[in-house]
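Structural characterization, general
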Amino acid sequence: MSDYILQLEDISKFFGPVIALNGVTLRLKPGEVHCLLGDNGAGKSTLIKILAGVHCADGGEYRVDGAPVRFKSPREALDAGIATVYQDLALVPLISVARNFFMGREPVKKLLGFLPVMDHELAATTALEKLAEMGIKVRDAQQMIGTMSGGEKQCVAIARAIHFGARVLILDEPTAALGVKQSVNVLRLIARARARGISVIFITHNVNHAYPIGDSFTLLNRGKSLGTYAKANISKDAVLDMMAGGTEMRTLMADIEGVAI
């Protein structure tokens with residue numbers, strides 16, 4: 001039995017002459033929040049798509065529960081319990097929270113004893129219940145999801161993935177377009193997922209969001225790994241150093257913090 005629920009070992013990916021990933025290793029433990037950090041162009045999106053079954057690696061090995069896999073589609077990754085929540089969230093603004101929660105997997109009942117139709121009452125009750133379990137309060141499951149805040153939408157998408165059996169959650173920049181309060185709510189939801197034993201890969205370029213919630217950190221730069229570090233072995237300043245020539249970055253941040261607004 002492997003110590004890891006998911007492993008990428010020495011993964012490479014090429015698009016013609018472009019080297020998107022070169023010898024990247026990432027190992028995820030059960031119930032761990034593993035932060036994948038890097039600036040734009042670091043290779044994060046390509047790595048996500050390999051994890052999610054969108055792309056196959058050109059080199060290296062992908063393992064789930066210690067066994068080699070080669071997913072041919074995102075459906076195969078989902079069947080293995082690996083769910084990806086992209087930045088666009090795959091939500092439809094003009095339908096309800098309940099409809100979005102069950103989209104493609106709607107509960108049904110028999111109308112007139114034989115005609116299958118969506119069970120809207122069961123969908124609404126279940127959606128509210130499962131969202132509440134994750135600490136998400138929604139007043140009305142029939143609310144159009146387009147009227148919700150960005151943070152609320154993120155939480156619905158994450159809770160949906162958990163409800164449908166995700167063992168691994170891959171979150172693509174979930175706090176990128178959110179304000180401070182909304183970001184905190186998403187980070188709390190990640191912590192609740194971890195408390196339920198769900199493993200999380202949190203992709204971000206924001207160290208201030210990653211460091212408080214992360215258990216371990218892998219840093220990418222131009223398709224190569226700069227290393228993986230347990231939280232106990234690396235400080236936030238050291239992560240900044242590795243991501244952006246850090247001493248200059250920290251000096252800039254200190255200067256900004258010292259400016260009166």
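Bear in mind the structure is a predicted one, so any value in this text is a computation, not a measurement. (Residues numbered from 1 in each chain as written. Predicted model: local features only at pLDDT ≥ 70, side-chain atom pairs only at ≥ 80, totals over all residues. Heavy atoms only, no water.)

Glancing now at the overall build of the protein chain. Helices and strands together make up the secondary structure of the protein chain, namely nine helices and 12 strands. In the protein chain, which comprises 261 residues, the proportion classed as buried is 43%. The contacts of the protein chain with a sequence gap of at least 6 include a subset with a gap of at least 24, amounting to 64%. Accessible surface computed for the protein chain: about 13,300 Å², of which carbon and sulfur atoms make up 54%. Between the mean site of the 29 positive side-chain charges and the mean site of the 26 negative ones, the protein chain shows a separation of 3 Å. (Helix = DSSP H or I, 4+ residues; strand = E, 2+ residues; numbered from the N terminus. Buried < 20%, exposed > 50% of the residue type's maximum accessible area, 1.4 Å probe, protein only. Contact = heavy atoms within 4.5 Å. Areas by Shrake-Rupley, 256 points an atom, 1.4 Å probe, with all protein chains shown as cover. Lys, Arg positive; Asp, Glu negative; His and termini not counted. Charge placed at Lys NZ, Arg CZ, Asp CG, Glu CD.)

Attention shifts here to the pattern of salt bridges. Summed over the entire model, instances satisfying the criterion amount to nine salt bridges. With a closest N to O distance of 3.8 Å, Asp58 and Lys13 form a salt bridge. Of the two residues, Asp58 is situated in the loop between helix H1 (44–51) and strand E4 (59–64) and Lys13 in strand E1 (residues 6–15); the sequence distance between them amounts to 45 residues. Assessed through its relative accessible area of 46%, Asp58 is described here as partly exposed. In this structure Lys13 comes out as buried when scored by relative accessible area, which is 10%. The partner of Asp79 in a salt bridge is Arg75, with the nearest N and O atoms 3.9 Å apart. In this pair, Asp79 and Arg75 are both assigned in helix H2 (residues 74–79), four residues apart and thus about one turn of the helix distant. Its relative accessible area of 59% is what places Asp79 among the exposed residues. Here the residues in one salt-bridge network are Glu129, Lys130, Glu133 and Arg196, joined through shared partners. (Salt bridge = Lys/Arg side-chain N within 4 Å of Asp/Glu carboxyl O.)

Turning our eyes to something else, we now look at the pairing of strand E11 (residues 216–221). In terms of residue burial, E11 counts as a mostly covered element, since five of its six residues are buried. By the bridge criterion, four bridges tie strand E3 (residues 33–37) to E11 in an arrangement that is parallel. In the strand pairing of E11, Leu36 is matched with Thr218. Across six bridges, E11 lies against strand E12 (residues 224–230) in antiparallel orientation. Bridge pairing in E12 places Ser216 opposite Ala230. Connecting E11 to the antiparallel partner E12 that follows it, the hairpin turn spans two residues, and Arg222 within it adopts a positive phi of roughly 55 degrees. (Pairing = 2+ DSSP bridges.)

Further remarks concern the pairing of E4. A regular strand carries its side chains on alternate faces of the sheet. Where E1 meets E4, five bridges bridge the pair, whose relative direction is antiparallel. Pairing of Glu9 across the sheet is with Glu61, part of E4. The pairing of E4 with strand E5 (residues 67–69) spans three bridges and is antiparallel. Looking across to E5, one finds that Tyr62 is bridged to Val69. In this structure, the hairpin formed by E4 and E5 is closed by a connection of two residues, where Asp65 is found at a positive phi of approximately 55 degrees.

Another aspect to go through is the sheet that holds strand E10 (residues 199–204). One open sheet accounts for six strands, arranged E6-E9-E10-E3-E11-E12; its pairing is mixed. The open sheet terminates on both sides in strands that have one partner only, identified here as strand E6 (82–85) and E12. Along the sheet, successive strands turn relative to each other by an average axial angle of 15 degrees, direction set aside. Strand contacts of H1: E3, E6, strand E9 (168–172), E10 and E11, with the helix running at about 155 degrees to E10, the strand carrying the most contacts. (Axes fitted to C-alpha atoms, helices over the stretch in contact; angles between N-to-C directions.)

For Asn100, the location among the structural elements is in helix H3 (residues 97–101). Take Asn100: its relative accessible area is 0%, and that puts it in the buried class. Sequence-distant contacts of Asn100, that is, excluding residues within four places in its chain, are made with Leu91, Val92, Ile95, Ile145 and Arg160.

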